[in-house]
Structure formats: structure tokens, C-alpha cells
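Observations on the three-dimensional arrangement
As a plain string of letters, each chain reads:
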Amino acid sequence: MIRLLGCSRRLPDFALGIILQKPFPARTALCRGSLAASAESFEPIFAEGAVQWVRTHEMVAQGDGHTVRSVQSPGRTFDREHAADESRDLLLGGRASARDTLFDACGGVFEYLQSAAQRRSHRHALRPAQLEHRLHVLAEEGRFEAWIELGDWTRFLYNNYNFYEGNNIHWEHFYVGIFRCNQVLAHVPSIEMDETTKNQVLAQASFLRALWYFQVNLLWDKGTMPLEPKDASYIPEDASEQEIWDQVEKDLTFAMQYLPESWDAANLGRATKGAAKALLGKAYMQQHKYDKAKEQLQWLIDKEGSLYGLIANREDNFTDLDENNKEGIFEIQFDDQNKGGTGNDASMAFGFQRTQFYAPSGIGWGDGKARRWLVDEFLKEKRVDGKNDLRLYGSILYRGFSQDFPDQPKKYYGFENADWNDNWGTDPEDCYIRKYNTSYYRSAEDYFARNNYRIMRYADILMNYAECLVETGTNPADAAVYVDKVRERAGLAKLKDSQWKDCLSSKDAFIKRLQMERTLELCFEGWRWADLKRWGLLDSQAGIDELKARDKDFDNFIVGKHRRLPIPRDEVENSTVGGVAHLTQNPNY
């Protein structure tokens, strides 16, 4: 959820990327010839024409018809019987109709899914606004596992362009957000109200619309671009990547004129002048307009000490213990006050849900995992005190972490010794995302984490600024000053005194080192895909070879195709008039 304007405390939450959540703890992932499940500690037991999952949650499907006897979650039990002549097909062939039958049987764990209509529409409810799809949070840093079709999208296997959780939902919710902003921008000007307040309301709507269109460009490289409210007769038309960037620039230029530098305590979470300038700087960077980006980011750099800066304890950027601090430039405001559902209505939960998506089985879903290469990269450099980089401890849960951090707690949620648990995986490469965890105040995850999500923070801007400096002719040694601020906060030596000192010898060497510095500081925060695109690593086979050396999912990446998602097929079809699509499919799809 995000604070919006003066009209409502919150909008549907979003983050840069796609945070994948599901609304019920008993959920299924189907692959041909079998069923797989992951929730708590499910163990699949396969037999001819039958499948059974046992332990905390139970589901029984058997015979030529199948019966779901009980699906349970803490405090809730859903009992329902479904007969289906094709359940053998389901288990041994995977026909869609049988698949739907089982999904319907399992789908109603939470109360708000009790009606059949809701079960159909929320079978795998995945809120985007919860955005961190692999393109952002997990791009090369992590992976999806338990959900087969979603995992295919992690592996660049885009077979179903209408796959809701991987594609359509993000398009849909981006444009819902844009529609709401367009309503404000269209109707607020005619309202009689204080002129300063009116301009601030319009500026906030312009900022949010720019943020949505920024995401459209990152994911699809183009879209459609309504700039006023449209009704159901609207026919989407192509808007090019450049046309969208031009509108993002226009919206943010307007926004930063009228947004205040800061808000009072009652209005924390609203967009500020600094947030608009930071996002505009990032938009310029994605277009390689580094001189213009530097100008915008310079404003934030000049405010260090008075408005922005690095907080002493970096990990407080990922908890609720020090929110809206000087490092936070734009944060989604979360809390645990409304323990509702995951829909988009008055009863929706106000909590941060990425934590449940990341946490291991028995604590959360365990769907999004980290890549082991990140652990190894962190361990390449010691702090000046000879110890390992604590950012690793705070970012990734991996087997035997206590050996690398003997003076840090082993406790993780309800596990007194979380060095590893075999239910979390037996592959030595298995790692989980620890960043954003709420282990410091509870023993398991749910939909109601209260920590804010920082869309942009000052550490990110410092490294963006360093990149702009070297791209516009500044000596790498001078640009390194801004990277060193981030490194020294982590207890590392300045670049000139480190094992990476040769990176100061040239622009190219510095940029290559900066790529890794950003990864270590910002992993899982939603900027990796934007970085990979900006650096051109997705546009050449040499770049892809570099990435797939760390992440085998890039084995499937096709240069010229996979730097962008396919436009949802339904959207292309809805734009077709007289056999001509006004919103065309992306190249090579």
C-alpha cells in the first residue's frame, strides 16, 4: 500500500519489480504427469491415480474422482468435496479442466475466498503491486522454485503470454494505477480548494503516474499511454519506449516543482521533491542521458547532512525500527493494523507481504530464493577488522552461515539454530533471501509484516551519482568518493586501499566494479533488471555469457527478445479492430 494525495491514505502497494505472493498457504504447482506442492512441510506421496500431501496441511485426491477432505491453515479449515471423472487425467496427464477442479477444491483456505466467484478469480492471487517479478528482484540474484509455471518465467520460458501471475496482473495493475492518477489529474483542477494544496495533489498524482510508466518501460519496452480517464470503449494504441520516457520526464518535471522537500509527521510516505528528482535521474540514466541525470541527483547529494544521508545501522532500512529516516527517499508505508485479505478492497491487509514469499518452508512460502554466487561474492572481501561483510548476514540465509559469522545469532524466527534445516532444501546451492525478515519480533511470517519497503534510498543514489560522474568524464578516483561512503558504512576499505584498487585505472574498469558494488548493497531491492538493461548486458551475447556463468536460467535467454516481456495476448486482441492490432506484440514473440 502506498500513501496517495489528500484523498486516501493508501493505494494498492507496489514495488519496483514484482513481489509474488499467494493468498492461501495450501497451494499447488502443476507439472505434466505429476503434482507438486509447497506449504509448510508438505510431502507428496504418489500412487497410481492418487496423490496425498501430509503433515501440517492435508489434501487427499484419490480414485477416478477426487475428494479434498481438508485443507488447513492456522485457525482456518476448509472442507469441500469435489467429484471429477478426470482426476486420473489430472494426476497423469494434466488436462486444464481437471487442473481447475483441483485448484477449486484447494483454493478456499482463507475466508474471503469462500465464494465460488472469488475462488475463480483468486485461484493464485498474486498482487502486483507486489511487483518484484524475477525481472527486478530476482534477475540473476535469485530464482523461483515451488511454482512450476512461475519458475518457467524465471527461466525466460514465456509460453503463455496470458500467464496471469507472470504478466497480465502486472500490466493490469500498472494501468489501474495510471487510471487512478489520470482521474486525479483530470478532475482536481476544477475543484475549489487552496491552490498550494491543489498543486501538491496534482504533483503527487504526476509522480505516481511517472512511476507506473517507468515500470511499463522497464518490463515491456513500450505500452499504451492514456493520459486521461478512459471508459470501456477505449482501444489501446502503441506508445513507443521513447514516448513513454518523454511523458515520465514531463510528469516528474511538473511534480518536483510543487512537491515539498519534506512532509510533517502526519503525512510521511508522500512523494517529495527529492523523490521526484531521484526518479527523474533514474529515468535519464535508463536513456543514457547521464549529464541530465547527474544534474538531478546532484540536488540530493547537496542535501546530505540536512535532508539525506546514510544511517549508521544499514539493516534498519529493512525493518520497522527506523522508518522514513534520512536514507529513505521514497518508501511504501506498511503496518499490521488491518489484518484483512489480499484483495484490492476495503478489507485488504496493510502489511508487507514479500517477507512471507522469501521465508523458508515452515516460516513462509520459500518461493523466492537467492543465488549462491552472491554469497561467494560477498565472501571475497573482508572488512577492515578482518571479519566478513555483515551485509551478507543480513541479506541471505545459507547453509553454515554461522561459520562465517560466529559472533552473530543463529536464531531465525522459531528456529533456535538456523544454520540449516533439511526441509529448506538439500542442494548445497540452496539459499534464501533474508533481507526484510521479521525474525526480530515474531516466529513465523504472514500477510501482516509492518516494515516499510524502500523504493529508493540514499545508498542507491550515491552509486547512481558515481556512475553519472564517470559517464560524463569525471576521473574514477573522484567518483569513487561516493561509492566509498557505502563501502565504509559496511566496514570495508576505500576502493583505493582495497583489492579492487585497479578499478580506478579506467572508466570501464570502474563501471565493472560499480556493477558488483551495486549488487552487494542493493540485492533484492528491485533495481537489478534496470541496471542490467542500462549497462547493456542484455543486448549482446557477451553480456549474456557473463550472466549465465552465474545464473543458468540465462541459458534460455535470446538476445533481441528477452530483454522485454511479451505484451499480454488479451491486450493485443482487445486492441484489434478490423483485423488490425493497434497495440502490437513485442518483437520475436
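Residues numbered from 1 in each chain as written. Predicted model: local features only at pLDDT ≥ 70, side-chain atom pairs only at ≥ 80, totals over all residues. Heavy atoms only, no water.

Quick look at the pattern of salt bridges
A side chain of one charge can pair with a side chain of the opposite charge if their charged atoms are brought near each other. Under the counting rule described, the total for this entry stands at 47 salt bridges. Residues Glu327 and Arg457 are paired through a salt bridge, measuring 2.7 Å at the closest nitrogen-oxygen approach. Taken together, the residues span a long stretch of sequence, with Glu327 in the loop between helix 10 (290–302) and strand 11 (328–332) and Arg457 in strand 15 (residues 453–457) at a distance of 130 residues. Judged by relative accessible area, which is 0%, Glu327 ranks as buried. (Salt bridge = Lys/Arg side-chain N within 4 Å of Asp/Glu carboxyl O. Helix = DSSP H or I, 4+ residues; strand = E, 2+ residues; numbered from the N terminus. Buried < 20%, exposed > 50% of the residue type's maximum accessible area, 1.4 Å probe, protein only.)

Concerning the pairing of strand 11
With five of five residues buried, strand 11 is to be regarded as a mostly interior element. One ladder, built from four bridges, connects strand 11 with strand 15; its direction is antiparallel. Bridging across to strand 15, Phe330 finds its partner in Met456. (Pairing = 2+ DSSP bridges.)

Considering the side chain of Asn168
Tracing the backbone through its elements, the reader meets Asn168 in helix 6 (residues 164–187). The class of Asn168 is buried, set by a relative accessible area of 10%. Side chain to side chain, Asn168 and Asn162 meet in a polar contact 3.2 Å long. With residues up to four places along the chain from it excluded, the contact list for Asn168 reads Tyr161, Asn162, Phe163, Pro568 and Asp570. (Polar contact = N/O pair within 3.5 Å; in protein donor to acceptor, adjacent residues only side chain to side chain. Contact = heavy atoms within 4.5 Å.)

Topic: the environment of Gly394
Its place among the elements puts Gly394 in helix 13 (residues 390–395). Residue classification places Gly394 among the buried residues on the basis of a relative accessible area of 11%. Taking C-alpha positions, Gly394 is 9.3 Å from Arg314, a pair spaced 80 residues apart along the chain. The contact partners of Gly394, leaving out residues within four places of it in the chain, are Glu315, Arg434 and Lys435.

Describing helix 7 (residues 195–220)
Under the 1.5 Å per step criterion, the end-to-end length of helix 7 is 37 Å for 26 residues, consistent within 8% with the ideal 38 Å. Where burial is concerned, most of helix 7 is hidden: 23 out of the 26 residues are buried. Following helix 7 by one or two positions, Asp221 has its phi on the positive side, about 65 degrees. (Expected span 1.5 Å × (residues − 1).)

Brief notes about the packing of helix 9 (residues 273–286) against helix 10
As a packed pair, helix 9 and helix 10 sit with axes 8 Å apart at the nearest point and diverge in direction by 160 degrees. Classified by the angle their axes make, helix 9 and helix 10 are roughly antiparallel. In terms of crossing hand, the pair formed by helix 9 and helix 10 is left-handed. Residues Lys273, Gly274, Lys277, Ala278, Leu280, Gly281, Tyr284 and Met285 of helix 9 form the contact with helix 10, whose participating residues are Tyr290, Lys292, Ala293, Gln296, Leu297, Trp299 and Leu300. (Axes fitted to C-alpha atoms, helices over the stretch in contact; angles between N-to-C directions. Parallel < 35°, antiparallel > 145°, perpendicular 65-115°, else oblique. Left-handed = near helix turned anticlockwise from the far one by under 90°.)

With respect to the environment of Gly366
Within the fold, Gly366 resides in the loop between helix 11 (354–358) and strand 12 (368–370). When the C-alpha positions of Gly366 and Cys431 are compared, they lie 9.9 Å apart, and in sequence the two are 65 residues distant. For Gly366, the contacting residues outside a window of four places in its chain are Gln356, Phe357, Tyr358, Ala359, Pro360, Ser361 and Tyr432.

Considerations on helix 9
Between its first and last C-alpha, helix 9 extends 20 Å over 14 residues, near the 20 Å set by a 1.5 Å rise per residue. Most of helix 9 is tucked away, with 14 of its 14 residues classed as buried. Positive phi appears at His288, one or two residues downstream of helix 9, with a value of about 65 degrees.

A closer look at the confidence of the model for the protein
Looking at the protein as a whole, the pLDDT averages 80, with 75% of positions reaching at least 70. Segment residues 1–135 is flagged for pLDDT under 50; beyond a separation of four residues in sequence, or across chains, it makes 369 contacts in the model. (pLDDT = per-residue confidence, 0-100.)

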